[in-house]
Amino acid sequence: MLDLTGISRRFGATHALEDVNLALSEGEVLGLVGPNGAGKSTLIKIIAGADRPDAGEIRIDGRAVHFASAHDAYAAGIRVIHQDAPLVPGFDTLENCYLGREYPRRFGRIDRKAMRAAIAEVAADIAPELDLDVPVMFLPQAERQFVRLLRAIADKGRLLILDEPTAALPAEDAERFYEVLRRTRERGTSIILVSHRLEEIAEFCSSAVVLRDGRIVARFGAGEVKPEAMIAAMGGSASERSTRATDTSAPLIIEIDGVTGGDLTRPAQLAVHAGEVMALYGLAGSGRSSLLNAIWGAIPWAGSMRLTGEVYRPKSPRDAIARGVSCVPADRHRSGLFLVEDLIFNKTLPLLSTYRRMRGLPVPDRTAERAEFLVAAERVSLSYRDPKQLARTLSGGNQQKLIFSRWANRHSRVMLLDEPTEGVDVMAKSTIKDIIRAIAADGNAVLVSTSDRDEALELGDRIAVFRQGGIVRIFSRAEASAEALSAAAQSRGAA
Amino acid sequence: MTRTNLNRFGTLIAFVLLCIGFSIAAPTAFASPGNVFNLVQQMATLAIVATAATLVMTISEFDLSVGFSASLAAVICFVLFGQGYDVWLAVPAALLVGIVGGAANGVLVARFGIPSFVATLALGTILSGFAFGLSGGQSLFQSVPEAFKALGRGEILGIPVLGFWIVGVLGVAAFVLTQTEFGRRLKAIGGNAQAARLAGLPIVRDVIATFAIAGGLAALAGLLLASRLGSVQHTMGEPLLLPAYAAVFIGTTASPTGAPTVAGTLLGVAITGVMVNGMTIVGVEPFVQRILTGVIILVAVLVRRVGRAK
């Protein structure tokens, strides 16, 4: 149904897209992968009418089209679904599906029956478990994604473009989401799926293209869509699992004894050795992030903790920093970065008082800040133009590295990482994993909280699995497998 | 001139054009040394209150109590004079009231999580009640000590004393905001409070300190105004509130990221000051002056928005 020929787009001297040819048939599911900055979002924007190509032609059902705006593309049945596309929290599914559309009316009043009639049939088809009358703020994350899908196809959507639809979802919810997406496909809807999770692409897509530096560098047809092949096409190497065993003779750095707080409702027991990476795996809200936040002093907690044998009672992140604990929080835009400040500002902020020229005078020495920034940036392989550029101008992976760089010039005894590779491309992911291993190899204790099962397996020397507010089991390297972790994370009943 | 330069210096250019325009329209009256002297005196209190507003806006909050604090400080000072207290006691006491009132705002915002708009409006109303009560609703102008008059009147080396206050207060504020750890932390809190907290910044302490400083500055402005006028009314500070924020907003149009800066605020104060002064000299009706001042604020912000959308 969709045919792109010779699409090119330039921004100044850079070719965002160069001679891109792409065809998509009715009901086809195409995976679109590539590192950050490869041109994926430009391509999506062009298909969705939000941007116009400098050269090339777009055909729909064989007829050339010229989208003057996103509105035209919408009229042609093209729907882009962003993972965080806004829904009105107080509206239920029906009302959200009608956002921006004309409401059916009866005697001048909004006709809810007609709305239901229009939506319910599609809903029953793709997501029968969805309750249409509950305000979406009471729906779990995964089901809000169903609402976005439903909204897109209910109004004559023929081509769905999904941009990282599962980035915010734990593996189990992602599976449910793909189940719904599969049923959507069976209705004859075409889908373009953009994801950094290559396993999902391989499992779900009948074909895939790899975009790199604005060009399509590889195409995979039915039966050829494999993660290893796609990584190779992107110019990376497949990651390896951690094979190291925990060195139990190494000293214990942090000991957690009966700690509760936030989502962590059942007392947690955990000890991490020097040089060890402890992965904390579980669904969102299972308590793994709360444990990190407790160690970071960011939430009130009860129980007791010891740091290198001494009592450790952080009341604020400030206390934690003073004791040699470092943290890269989840959700870098909300909790990590100062987007309209420069890179140096973002790097030096937490340890600002260490940059004084005179001890008693709280005035940072800008030369020293710059020098340390350069060293830290090198250490985390940050790619940037200028230390004074604003943080918002960096790609996702580099923004994450920028937060890592805060702690790169000091010896952290404990490093806390919450979803460190969320929304980061494959290349940056592997760099970040290398950084994490290097921190551990320095003799520090590293705690990585993740909803990505493969990442837990890849990084963790041991893996603590969380479920319903507590640790259910701690796996050693040898005992852990994908199946065992999933089973532990989601088995219900026995707690 | 590039678009970025136009964005950055557009506000400054507008100010210069404004001055040139009035100089041509009223060459003897506007550009005279006497009028410039006058202008500086008129701008001083507003500049200091606007600086208080700048600090609070740096942490992305509002302080609507600045005008009320200014009035209360002046009233307290004059009531103490009336009771025969010395300047050296009355002035610090009045400043302290401003600081304590500001700190109370900070506690309401940082500790109890009340939106600053609401907290400072409520507290400001309470302060204005005290000012009303203490003054009995009367103008106070009894027995003002000479030392107090010297604070805001007269001149040194041909420059009005209030000019030195502008330079001193705004200079220190600019240094604190741009050069110190405290200033850096305020920008972080204003930019992303959640991230600032997780980066280990002492947010509660810094927010309270910011409001306390703002309260102190407002009180200082009230005292300087009282010194210049020689009398006090319990509502005298209130008209400062809106022009102060107008000045900060005009000032943000001169900063590259749209964040408030002390230099930008000074420019905002100067623009509104020159507008009112120049229009009065040229003989524009007061009601037209107000309309035009409002239009200027909108134009400044609109030009900035349009410039940035590209």
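Numbers given to residues run from 1 along each chain, matching the order in which its sequence is written. Here every chain gets a letter starting at A, and every ligand a number starting at 1, in the order they are written. Given that the model is predicted, a residue must reach a pLDDT of at least 70 before its local features are reported, and side-chain atom pairs must reach 80 or more before they are shown or counted; all residues, however, enter totals for whole chains, interfaces and linings. With hydrogens and water excluded, all non-hydrogen atoms of the structure serve as input to the side-chain values.

**What to know about the overall build of chain A**
Okay, step 1: If you tally the helices and strands in chain A, you get 17 helices and 22 strands.
Okay, step 2: For chain A, the C-alpha radius of gyration of 24 Å lies close to 23 Å, the compact-globule estimate for 495 residues.
Okay, step 3: Taken over 495 residues, chain A has a buried fraction of 53%.
Okay, step 4: The method behind every accessible area is Shrake-Rupley, applied with a 1.4 Å probe, and residues are considered shielded solely by the protein chains displayed. Here chain A has roughly 21200 Å² of accessible surface; of this, 50% comes from carbon and sulfur atoms.
Okay, step 5: Here the positive residues are Lys and Arg and the negative ones are Asp and Glu; neither His nor the chain ends is included. Charge positions are represented by NZ for Lys, CZ for Arg, CG for Asp and CD for Glu. Averaged over its 64 positive side-chain charges, chain A has a centre that lies 4 Å from the centre of its 64 negative ones. Segments assigned H or I by DSSP are reported as helices when at least four residues long, segments assigned E as strands when at least two residues long, and all are numbered from the N terminus. Only C-alpha atoms enter the radius of gyration, while the globule expectation follows 2.2 Å times N to the 0.38, with N the number of residues. Summary of the burial criterion: residues with accessible area below 20% of their type's maximum are buried, those above 50% are exposed, and those between are partly exposed, where the area comes from a 1.4 Å probe applied to protein chains only.

**Structural notes on the interface of chain A and chain B**
Okay, step 1: Only heavy atoms enter the contact rule, under which two residues are in contact if any of them lie within 4.5 Å. Each partner contributes residues to the interface: chain A has 28 residues there, and chain B has 20 residues.
Okay, step 2: Simply put, the buried area is the total loss of 1.4 Å probe accessible area from both parts when two parts are fitted together. For the pair chain A and chain B, the two sides together bury roughly 2000 Å², of which 56% comes from carbon and sulfur.
Okay, step 3: Salt bridges are identified by distance alone: a Lys or Arg side-chain nitrogen within 4 Å of an Asp or Glu carboxyl oxygen. Applying the counting rule to chain A against chain B returns two salt bridges.
Okay, step 4: With a closest N to O distance of 2.6 Å, Arg356(A) and Glu181(B) form a salt bridge.
Okay, step 5: Going through the elements one at a time, α10 (317-322), α11 (332-335), α12 (343-348) and α13 (366-379) of chain A are the ones with two or more residues in the side of chain A that touches chain B.
Okay, step 6: Each residue gets one of three labels, nonpolar for Ala, Val, Leu, Ile, Met, Phe, Trp, Tyr, Cys and Pro, charged for Asp, Glu, Lys and Arg, and polar for the others, Gly among them. Broken down by class, the residue content of the side of chain A that touches chain B amounts to 16 nonpolar, five polar and seven charged.

**A closer look at a nonpolar patch on the surface**
Okay, step 1: A cluster of nonpolar side chains, contributed by Phe9(B), Leu12(B), Ile13(B), Val16(B), Leu17(B), Ile20(B) and Ile24(B), occupies part of the molecular surface with about 630 Å² of accessible area.
Okay, step 2: In this fold, Ile20(B) is placed in helix α1 (residues 3-25). Patches were defined on residues exceeding 30% relative accessible area and lacking a salt bridge, with like-charge contacts within 9 Å and nonpolar side-chain contacts (Val, Leu, Ile, Met, Phe, Trp, Tyr) within 5 Å.

**A look at the sheet that holds strand β1 (residues 2-11) of chain A**
Paired through their backbone hydrogen bonds, the strands of a sheet run either parallel or antiparallel.
Residues and elements named next belong to chain A.
Okay, step 1: An order of β2-β1-β4-β5 is seen for the four strands of this open sheet, with the pairing classed as antiparallel. Two strands lie at the open edges of the sheet, namely β2 (14-24) and β5 (63-65), each paired on one side alone. Going across the sheet, the axis of each strand differs from the next one's by a mean of 30 degrees, ignoring polarity.
Okay, step 2: Taken together, the seven bridges between β1 and β2 define a ladder with antiparallel strand orientation. Residue pairing across strands places Arg10 opposite His15, the latter belonging to β2.
Okay, step 3: Each of β1, β2 and β4 (55-60) is contacted by helix α1 (residues 40-47), which is oriented at about 120 degrees to β1, the strand it contacts most. When DSSP finds two or more bridges between a pair of strands, those strands are recorded as paired. To obtain an axis, a line is fitted to C-alpha atoms, over the contacting stretch when the element is a helix, and the angle between two such axes runs from 0 to 180 degrees between their N-to-C directions.

**Quick word on the environment of Ala31(B)**
Residue and element names in this part refer to chain B.
Okay, step 1: With respect to the helices, strands and loops of the structure, Ala31 is situated in the loop between α2 (27-30) and α3 (33-58).
Okay, step 2: Ala31 gets classed as partly exposed once you look at its relative accessible area, which sits at 45%.
Okay, step 3: Excluding its chain neighbours within four sequence positions, the residues that come into contact with Ala31 are Ser23 and Ala26.

**Comments concerning the packing of α3(B) against helix α13 (residues 262-282) of chain B**
All names here are of chain B.
Okay, step 1: Look at α3 against α13: their axes get within 9 Å of each other, and the N-to-C directions meet at 140 degrees. Judged by the inter-axis angle, α3 sits oblique to α13. Note that α3 runs across α13; the crossing there is right-handed. Here Asn35, Leu39, Gln42, Met43, Leu46, Ala47, Ala50, Thr51 and Thr54 of α3 come into contact with α13, specifically with Val262, Thr265, Val269, Ala270, Thr272, Gly273, Val274, Asn277 and Ile281.
Okay, step 2: Within the contact of α3 with α13, the residues separate by chemical class into ten nonpolar, eight polar and no charged. The labels follow the angle: roughly parallel below 35 degrees, roughly antiparallel above 145, roughly perpendicular from 65 to 115, and oblique for the rest. In this scheme, a crossing is called left-handed if the near helix is turned counterclockwise away from the far one by less than a right angle; it is called right-handed if the turn is clockwise.

**Comments concerning helix α5 (residues 141-154) of chain A**
Okay, step 1: Residue count minus one, scaled by 1.5 Å, sets the expected span of a helix. For α5(A), with 14 residues, the first-to-last C-alpha span of 20 Å sits near the 20 Å given by 1.5 Å per residue.
Okay, step 2: Most of α5(A) is tucked away: eleven of the 14 residues are buried.

**Overview of unusual backbone geometry**
All names here are of chain A.
Okay, step 1: The phi angle at Asp61 is positive, at roughly 50 degrees, despite the residue not being glycine.
Okay, step 2: Looking at where Asp61 falls in the secondary structure, it is placed in the loop between β4 and β5.
Okay, step 3: Phi is positive for Ser381, which is not a glycine, with a value near 40 degrees.
Okay, step 4: One can find Ser381 in the loop between α13 and α14 (396-405).

**Let's talk about the sheet that holds strand β13 (residues 252-261) of chain A**
All names here are of chain A.
Okay, step 1: The strand order β14-β13-β16-β17 describes an open sheet built from four strands, whose pairing is antiparallel. The open sheet has two edge strands, β14 (264-273) and β17 (310-311), and neither has a second partner.
Okay, step 2: Pairing of β13 with strand β16 (residues 302-307), which is carried by five bridges, proceeds in the antiparallel orientation. Residue pairing across strands places Ile254 opposite Leu307, the latter belonging to β16.
Okay, step 3: The strands touched by helix α9 (residues 288-296) are β13, β14 and β16; relative to β13, the strand with the most contacts, the crossing angle is about 115 degrees.

**Side note on the side chain of Ser135(B)**
Okay, step 1: Relative to the helices and strands, Ser135(B) is located in helix α6 (residues 116-135).
Okay, step 2: Owing to a relative accessible area of 5%, Ser135(B) belongs among the buried residues under this scheme.

**Re the packing of aromatic side chains**
Okay, step 1: Each aromatic pair joins two rings of Phe, Tyr and Trp (for Trp, the six-membered one) with centres within 6.5 Å, and gets the label stacked for planes under 30 degrees apart, edge-to-face for over 60, and tilted for any other angle. The full count for this structure, using the stated rule, is twelve aromatic pairs over all chains.
Okay, step 2: Judged by centre distance (5.4 Å) and plane angle (45 degrees), the rings of Phe62(B) and Tyr245(B) are tilted. Of this pair, Phe62(B) sits in the loop between α3 and α4 (66-82) while Tyr245(B) sits in helix α12 (residues 241-252), placing them 183 residues apart in sequence.
Okay, step 3: A residue is classified by how much of its surface remains accessible, and Phe62(B), at 27% relative accessible area, is partly exposed.
Okay, step 4: With relative accessibility at 6%, the residue Tyr245(B) sits in the buried group.
Okay, step 5: Residues Phe81(B) and Phe148(B) carry aromatic rings whose centres are separated by 5.1 Å and whose planes lie at 70 degrees to one another, so their mutual orientation is edge-to-face. Here Phe148(B) lies in helix α7 (residues 146-152) and Phe81(B) lies in helix α4, a separation of 67 residues in the sequence. The same class applies to Phe81(B) as to Phe148(B), namely buried.
Okay, step 6: Taken together, Phe177(A), Tyr178(A) and Phe204(A) form an aromatic cluster joined through their ring pairs.
Okay, step 7: In this analysis the charged atom, NZ for Lys or CZ for Arg, is taken to sit over a ring once it is within 6 Å of the ring centre and within 35 degrees of the ring normal. A cation over an aromatic ring shows up here: Arg79(A) above the ring of Tyr74(A), its NZ or CZ 3.5 Å from the ring centre.

**Overview of the pattern of salt bridges**
Residues and elements named next belong to chain A.
Okay, step 1: Under the defined criterion, the tally for this structure stands at 29 salt bridges over all chains.
Okay, step 2: Linking Arg158 and Glu26 is a salt bridge whose minimum nitrogen-to-oxygen distance equals 3.4 Å. You can see Arg158 sitting in the loop between α5 and β9 (159-163) and its partner Glu26 sitting in the loop between β2 and β3 (29-33), a full 132 residues away along the chain.
Okay, step 3: With a shortest N-O distance of 2.8 Å, Asp133 and Arg112 are connected by a salt bridge. Of this pair, Asp133 sits in the loop between α4 (112-126) and α5 while Arg112 sits in helix α4, and the two are 21 residues apart along the sequence.

**Examining the pairing of strand β11 (residues 207-212) of chain A**
All names here are of chain A.
Okay, step 1: Of all six residues in β11, five are buried; the element is thus mostly enclosed.
Okay, step 2: Where β3 meets β11, four bridges bridge the pair, whose relative direction is parallel. Note that in β11 the partner of Val33 across the bridge is Val210.
Okay, step 3: With five bridges connecting them, β11 and strand β12 (residues 215-220) associate as antiparallel partners. Its bridge partner lying in β12, Leu211 is registered against Ile216.

**Structural notes on the side chain of Gln41(B)**
Residue and element names in this part refer to chain B.
Okay, step 1: Its place among the elements puts Gln41 in helix α3.
Okay, step 2: Among the residues examined, Gln41 registers a relative accessible area of 13% and is labelled buried.
Okay, step 3: Ignoring any residue separated from it by four or fewer positions in sequence, one finds Gln41 in contact with Gly152, Gly154, Pro160, Leu162 and Arg228.

**Focus: the confidence of the model for chain B**
Okay, step 1: Residue-level confidence of the predictor is summarised by pLDDT, bounded by 0 at the bottom and 100 at the top. Per-residue confidence for chain B gives a mean pLDDT of 89, with 95% of residues at or over 70.
Okay, step 2: Scored by ipTM, the complex comes to 0.86, with pTM at 0.79.

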